[in-house]
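# Coordinates in review
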Amino acid sequence: MTATVGTPPDTDAVRAPERSASSLVDAVFRAREISIAGALVLLVLGTWLANPRFLSDQGVKDLLLNASILVLLAVGQSAVVVTRNIDLSVGSVVGLSAFACGKFVAGTDHGVLTVMLLGVAIGVACGLVSGALVSFGKVPALVVTLGMLYIIQGVDYWWAQGEQISAADVPGAVLGLGSGSVLGVPYLPLIAVALLAATAYYLRSYRSGRELYAIGSSPEAARLAGIPIRRRVLAAYAFSGAVAGFAGALWLARFGTVVADNAHGWELTVVSAVVVGGVAITGGTGTVWGAALGALLLTTIGSALVVLKVDAFWQGAITGALLLLAISVDRIVNLRVTAALRKRSARHVHGA
């Protein structure tokens, strides 16, 4: 009796389409990120030519500071969107965290670390509630997070009762985090870049990070592969909440004065930044680098319109147009990539 044993070439042949598909998708979204970066450069240069003060030392510093919090929120939102879900409560979490941290430190000498930990804890608690309802309760993410948005806003307004925390009540160490810099570079952009790089490395290099993409690509296939979908989705929401809570603490450090409705309406801006940055709203594709570029692009558009003295209404209109364009491009790209992969698979089968 002769036993038949699979040979390495056969294994390579099976894996070849997978490697080809992965390389094709990576190339497509790398091109998306390059195109966004190119649009950003053109926007900056055009605005600078119209008003040279746009790229003054203070202008660049303000641009980086304004983008930092939105970049952070886009990073957290990306972890949720790649799983084919969404978190519409991040803006409300920022407001709640900022006000809670402000109340906690008002008239005290609490340190920066304590404030940051409090903000993260508030965000994690909110994220776990949303994540549990979505992953274990099987409630649609849109419904859950929209409900959380209104609940958190209601709690915040009830708690604040119109109160405002002023910068004079916030410890100098906390305000120093928002106004300080290293070699002329403000702390907040450095923090945003550090979190961005760490998240990108985790999603690409760790199995649990790559599993988030697998869940978004095909939940059924992920389940059959033994991926703990519920735990991964719960973790994604907890991470998004933690980042939003952290961003709320940084909001306090940045502005000093906080009220109950800080970051009101930011939910759609964050989603727009993520989608414009190439993270598919249908899940499974995109990078946090692209989401950060999308956030920087939207922030730069807002700053450019102010410098050019254009009505603020157009910022919303341009953001909406970019969102529709990004979704349309995603749809076209997905159809073309799918067709290309089918052709490659067919050629491989016939070649075999």
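All of the points below concern the structure found in this document. Note that the structure is a prediction, hence the values are computed from the model and not measured.

## Thoughts on unusual backbone geometry
At Leu183, a position not held by glycine, the phi torsion is positive, near 55°. Positionally, Leu183 belongs in the loop between β1 (181-182) and β2 (185-186).

## Things to note about the packing of helix α6 (residues 172-179) against helix α7 (residues 187-205)
Direction vectors running N to C along α6 and α7 enclose 75°, while the axes themselves pass 6 Å from each other. Viewed along their axes, α6 and α7 adopt a mutual orientation that is roughly perpendicular. Facing Gly176, Leu177 and Gly178 of α6, the residues of α7 in contact are Tyr187, Leu188 and Ile191. Taken together, the residues of the contact of α6 with α7 sort by class into 4 nonpolar, 2 polar and no charged.

## Focus: the packing of aromatic side chains
Counted under the stated rule, the structure contains 5 aromatic pairs. Between Phe99 and Trp159 the ring centres are 5.4 Å apart and the planes differ by 85°, which places this aromatic pair in the edge-to-face class. Here Trp159 lies in helix α5 (residues 141-160) and Phe99 lies in helix α3 (residues 90-105), a separation of 60 residues in the sequence. Overall, Phe99 belongs to the buried group, its relative accessible area being 0%. Through a chain of ring-to-ring contacts, the aromatic side chains of Tyr201, Tyr202 and Tyr206 assemble into a single cluster.

What counts as what
Residues numbered from 1 in each chain as written. Predicted model: local features only at pLDDT ≥ 70, side-chain atom pairs only at ≥ 80, totals over all residues. Heavy atoms only, no water. Helix = DSSP H or I, 4+ residues; strand = E, 2+ residues; numbered from the N terminus. Axes fitted to C-alpha atoms, helices over the stretch in contact; angles between N-to-C directions. Parallel < 35°, antiparallel > 145°, perpendicular 65-115°, else oblique. Contact = heavy atoms within 4.5 Å. Nonpolar A, V, L, I, M, F, W, Y, C, P; charged D, E, K, R; others polar. Phe/Tyr/Trp six-rings, centres within 6.5 Å; stacked < 30°, edge-to-face > 60°. Buried < 20%, exposed > 50% of the residue type's maximum accessible area, 1.4 Å probe, protein only.

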